[in-house]
Amino acid sequence: MAVAVESEGDVSSAIADEWISELRSCAPSVETLGLLVEFAGERLSARGRIDALAVLERHLAWMQGMQVEVLAAIGEYADSGADAAAAGEGFDTRLLREWDAASDEVACALRLAGGTASRRLDVAGLDQVP
């Protein structure tokens, strides 16, 4: 699904509504997000804005899912104790230190409190348990 738009004035409200309506049946992707950005806004009718809201919600869920995958990978790496293995620390001390470091880095990256970041890492790793 590709469309060339020269300027905002080139797309009528009806055409923008039609494209947004079509996006409701498409899986979220970079391409559909680009089209959403292109067509969403004041040009849309009231119905078109509701469709755009639904499409935005699907894209948010898609991106949050990707964020959980990244958090799970960070948590898995912290749980491995890989960085501190050469330091000669005990295994439990190593894991705690790496988990705290990972939580702190996630907290900074996402602008969260440390406890919130730690819980997000915990939740993201729940499906990793055998």
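See the structure printed just above.
Each chain carries its own residue numbering, running from 1 in the written order of its sequence. The predicted nature of this model means local features are confined to residues of pLDDT at least 70 and side-chain atom pairs, given and counted, to a pLDDT of 80 or more, with totals for whole chains, interfaces and linings taken over all residues. To get the side-chain values, take all heavy atoms of the structure and skip hydrogens and water.

### Comments concerning the layout of surface pockets
Here is step 1: There is about 250 Å³ of room inside the largest pocket.
Here is step 2: Residue assignment for the lining of the largest pocket shows that the elements contributing at least two residues are helix H3 (46–80) and helix H4 (91–110).
Here is step 3: In terms of residue count, H4 provides more of the lining of the largest pocket than any other element does, seven residues in total.
Here is step 4: Three residue categories are used. Nonpolar comprises Ala, Val, Leu, Ile, Met, Phe, Trp, Tyr, Cys and Pro, charged comprises Asp, Glu, Lys and Arg, and polar comprises the others, including Gly. Looking at the lining of the largest pocket residue by residue, the class counts come to 10 nonpolar, one polar and three charged. Definitions used for this entry: grid spacing 1 Å over protein atoms alone; cavity, a set of points where a 1.4 Å probe fits but cannot get out; pocket, an open set with protein on both sides within 12 Å along at least 5 of 7 lines; lining residue, one with an atom within 4 Å of a point. Grid points are joined across faces, edges and corners, and a volume is the space filled by probe spheres set on the points. Each helix corresponds to a stretch of at least 4 residues labelled H or I by DSSP, and each strand to a stretch of at least 2 residues labelled E; elements are numbered beginning at the N terminus.

### Examining the packing of helix H1 (residues 13–23) against helix H2 (residues 30–39)
Here is step 1: For the pair H1 and H2, the least separation of the axes is 10 Å and the interaxial angle reads 150 degrees. When the axis of H1 is compared with that of H2, the two are roughly antiparallel. At the point where H1 passes H2, the crossing takes the left-handed sense. For the pair H1 and H2, the contacting residues are Ala16, Trp19, Ile20 and Leu23 in the first and Thr32, Leu35, Leu36 and Phe39 in the second.
Here is step 2: The class makeup of the residues in the contact of H1 with H2 is seven nonpolar, one polar and no charged. Only C-alpha atoms enter the line fits that serve as axes; for helices the fit covers just the stretch in contact. Angles between N-to-C directions range over 0 to 180 degrees. Just so you know how the angles are binned, under 35 degrees is roughly parallel, over 145 roughly antiparallel, 65 to 115 roughly perpendicular, and the rest oblique. For a crossing to be left-handed, the near helix must be turned anticlockwise from the far one by less than a right angle; the clockwise case is right-handed. Contact between two residues is taken to exist if any of their heavy atoms lie within 4.5 Å; hydrogens are not considered.

### A closer look at the pattern of salt bridges
It is possible for side chains bearing opposite charge to pair when their charged atoms get close.
Here is step 1: Whenever Lys or Arg places a side-chain nitrogen within 4 Å of a carboxyl oxygen from Asp or Glu, that contact is recorded as a salt bridge. Taken as a whole and judged by the stated rule, the model has two salt bridges.
Here is step 2: Across the salt bridge formed by aspartate 51 and arginine 24, the nearest N and O atoms sit 2.7 Å from each other. Of this pair, aspartate 51 sits in helix H3 while arginine 24 sits in the loop between H1 and H2, and the two are 27 residues apart along the sequence.
Here is step 3: Throughout this description, buried means an accessible area under 20% of the type-specific maximum (1.4 Å probe, protein chains only), exposed means over 50%, and partly exposed covers the range between. Aspartate 51 gets classed as buried once you look at its relative accessible area, which sits at 5%.
Here is step 4: Ionic pairing is found between arginine 47 and aspartate 51, a salt bridge with its closest N-O pair at 3.2 Å. With a gap of four residues between them, arginine 47 and aspartate 51 both fall in helix H3, about one helical turn apart.
Here is step 5: Connected through shared salt-bridge partners, Arg24, Arg47 and Asp51 make up one network.

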